[in-house]
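Take a look at the letters that make up each chain.
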Amino acid sequence: MEVLAQIFAVFFLIVGTLLSLIGVIGFIRLPDVYTRLHATGKVSVFGVVFLLASAILLTPLSLWKGLLLIFFVLMASPSVSHSVASAAYKAGLPMKDPARNDLKGKLERDSGRGV
Amino acid sequence: MTGFLDIVLWSVLGVHLLMALVAAWRTWRGDNSIERLIGLDLASTMTLAVLVLVSIIQQNSIFMDVAIALAALSYLSTVVLAKFVSDHKVF
């Protein structure tokens, strides 16, 4: 049972690190702010949650702390991405080759109430 | 098995420190303020991952408490800074 937990922990460590690496490479290589934000959202959801699953399997003391931190990361990361993307759109940063822009003209109509 | 686990843990820690360095570089030399904000958020996420890895290596769950506090503080600071950059006011 111990060995099985360690095998799963090593698997989670490697998978989480590879997903974080993909996110950071996307953060460097992608063209504009919105796609870079898309890449870093993957880091804080998948990378940290897999590392925390490995920590729950490997350390005997930190089950509830790990579950609390997984819950908090899963709650916090999408709202951080949403607020930063909203701030970027309100600051008027351009998209690179957008297929379409559903918010065009909508922000001026709703101004004053926030997006 | 434990030798292999130690090797995996230390190499994963090194990769995460390298990614934190990349995020700090993007925060220093970003194209605009929103991109620097994304770099700051990524750096704090990497610090969270490093704290979790140190907690595994030391077999000591007090680093997990530090990680919870860091997650709460970085969440608040990123949301407030994003609102300040876009609206030029916080509340």
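Cut-off values and rules
Residues numbered from 1 in each chain as written. Chains lettered and ligands numbered in written order. Predicted model: local features only at pLDDT ≥ 70, side-chain atom pairs only at ≥ 80, totals over all residues. Helix = DSSP H or I, 4+ residues; strand = E, 2+ residues; numbered from the N terminus. Rg over C-alpha atoms; globule rule 2.2 N^0.38 Å. Buried ≥ 20, exposed ≤ 12 C-beta atoms within 10 Å, placed from the backbone. Contact = placed C-beta atoms within 7 Å. Nonpolar A, V, L, I, M, F, W, Y, C, P; charged D, E, K, R; others polar. Expected span 1.5 Å × (residues − 1). Core = buried A, V, L, I, M, F, W, Y, C linked by C-beta atoms within 7 Å.

Enquirer: I would appreciate a short explanation of the overall build of chain A in the present structure.
Expert: Within chain A one finds four helices and zero strands. Secondary structure elements of chain A, listed N to C terminal, follow the sequence α-α-α-α. For 115 residues, the compact-globule estimate of 2.2 N^0.38 gives 13 Å, and the C-alpha radius of gyration of chain A, at 19 Å, exceeds that figure by more than 25%. Dimensions along the principal axes, computed over C-alpha positions, put chain A at roughly 60 × 30 × 15 Å. Of all 115 residues assigned to chain A, the portion counted as buried reaches 37%. Excluding contacts between residues fewer than 6 apart, the proportion of contacts in chain A whose partners are at least 24 apart in sequence is 64%.

Enquirer: For this particular structure, what's the right way to read the interface of chain A and chain B?
Expert: Contacts between chain A and chain B engage 42 residues on the former and 36 residues on the latter. Those elements giving two or more residues to the side of chain A that touches chain B turn out to be α1 (2-29), α2 (33-58) and α3 (63-90) of chain A. Taken together, the residues of the side of chain A that touches chain B sort by class into 28 nonpolar, 11 polar and three charged.

Enquirer: How should I be thinking about α3 of chain A in this particular structure?
Expert: The periodicity of an α-helix, 3.6 residues per turn, causes residues three or four positions apart to be oriented the same way. Counted at 1.5 Å a residue, the expected span for α3 of chain A with its 28 residues is 40 Å, and the 41 Å between its end C-alpha atoms agrees. What α3 of chain A keeps buried is the set K65, G66, L69, V73, S77, V80, S81, S83, V84, A85, A87 and A88 of chain A. For α3 of chain A, the secondary structure elements touched by its buried residues are α2 of chain A together with α2 (33-58) and α3 (62-87) of chain B. Of the residues flanking the end of α3 of chain A, it is G92 of chain A, one or two places downstream, whose phi is positive at about 85°.

Enquirer: Where do I start with the environment of L13 of chain B in this structure?
Expert: Residue and element names in this part refer to chain B. Here L13 shows up in helix α1 (residues 2-28). Using a count of 18 C-beta atoms within 10 Å as the deciding quantity, one classes L13 as partly exposed. Distance from L13 to V79, taken between C-alpha atoms, is 28 Å for residues 66 residues apart in sequence. In this view, L13 contacts V50 and L53; residues no more than four positions away in its chain are not counted.

Enquirer: What exactly am I supposed to notice about the nonpolar core here?
Expert: Within soluble globular proteins, side chains that are nonpolar generally end up buried alongside one another. One finds L51, L52 and V84 of chain A together with V52 and A67 of chain B to be the most contacted residues of the largest nonpolar core, which totals 47 residues. Elements that contribute at least two residues to this core include exactly α1, α2 and α3 of chain A together with α1, α2 and α3 of chain B.

Enquirer: Just checking my understanding: could you explain the environment of V24 of chain A for this structure?
Expert: Considering the arrangement of structural elements, one finds V24 of chain A in helix α1. For V24 of chain A, a count of 25 C-beta atoms within 10 Å corresponds to the buried category. Along the chain, V24 of chain A and T40 of chain A lie 16 residues apart, while their C-alpha atoms are 6.7 Å from each other. In this structure V24 of chain A touches V43 of chain A together with M19 and V22 of chain B, once residues within four positions along its chain are discounted.

Enquirer: Teacher, can you tell me more about α2 of chain B here?
Expert: With 26 residues, α2 of chain B should reach 38 Å at 1.5 Å per residue; the first-to-last C-alpha distance of 37 Å fits that figure. Two residues or fewer past α2 of chain B, Q59 of chain B is found with a positive phi of approximately 55°.

Enquirer: How do you make sense of unusual backbone geometry when you look at a structure like this?
Expert: Where the residue is not glycine, phi is negative for most of them; where a peptide bond is considered, it is trans in most cases. Positive phi, normally seen in glycine, also occurs at D97 of chain A, with a value near 50°. Within the element layout of this structure, D97 of chain A appears in the loop between α3 and α4 (106-109). Looking at D97 of chain A, the number of C-beta atoms within 10 Å reads 6, which means it is exposed. Residues other than glycine seldom take positive phi values, yet Q59 of chain B does so here, at roughly 55°.

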